[in-house]
Amino acid sequence: ADVGVSNLQEFSTLNTAKPPFVRDVEAKVRRYMRSSYSAAWTLKITWEKAPVYSSRTDTRKTITYQAVLTTDGFRSYILMLYQDGGMQWDYTRLAATNVLIGYT
C-alpha cells in the first residue's frame, strides 16, 4: 500500500444539486457557527496513511485526515477532520517534542 497518498475532490455547487458530502459540510458549519450557510464551492483534501514526520521506514505509524475548505462566496471556513481513534502513533515517543496537527 502507498504511504502518504493525498486525494483532492472539488465540489462547485453554486447552481447544482449538492452531493451528501457538501450537505454534511454545510450542516457542520451551521452547527459550529450557529448561522445559515450554503456552500458555493468546497474542496476536500484527504491524506491517507500519512507517516509520522521524519519516519521513512516505519509505515505502521500513520494517520489519515482531511482538510475541507468551503466558501459561500463571502465567508470561508476550513474543517480539519481526523480518523476515528485519532493518531495511530504516540507523539510522546517522537524525536521532536513540538508536534502540531492541523495548520499554522
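Use the structure listed above.
A quick note: this is a predicted structure, and the numbers were derived from the prediction, not measured. (Residues numbered from 1 in each chain as written. Predicted model: local features only at pLDDT ≥ 70, side-chain atom pairs only at ≥ 80, totals over all residues. Heavy atoms only, no water.)

Chemist: Explain the packing of aromatic side chains here, please?
Modeler: Aromatic ring pairs are reported here in terms of the distance separating the ring centres and the angle at which the planes meet. If you walk through the whole model with that rule in mind, you get 4 aromatic pairs. Taking 4.8 Å as the distance between ring centres and 20 degrees as the angle between the ring planes, the aromatic pair formed by Trp47 and Tyr65 counts as stacked. Taken together, the residues Trp47 in strand 2 (residues 41-51) and Tyr65 in strand 3 (residues 62-71) connect sequence positions 18 residues apart. Residue class for Trp47 comes out partly exposed when judged on its relative accessible area of 27%. With a relative accessible area of 23%, Tyr65 lands in the partly exposed category. One aromatic cluster is present, formed by Trp47, Tyr65 and Tyr82 through successive ring pairs. The residue whose ring lies beneath Lys44 is Phe21, and the NZ or CZ to ring-centre distance is 4.4 Å. (Phe/Tyr/Trp six-rings, centres within 6.5 Å; stacked < 30°, edge-to-face > 60°. Helix = DSSP H or I, 4+ residues; strand = E, 2+ residues; numbered from the N terminus. Buried < 20%, exposed > 50% of the residue type's maximum accessible area, 1.4 Å probe, protein only. Lys NZ or Arg CZ within 6 Å of the ring centre and 35° of its normal.)

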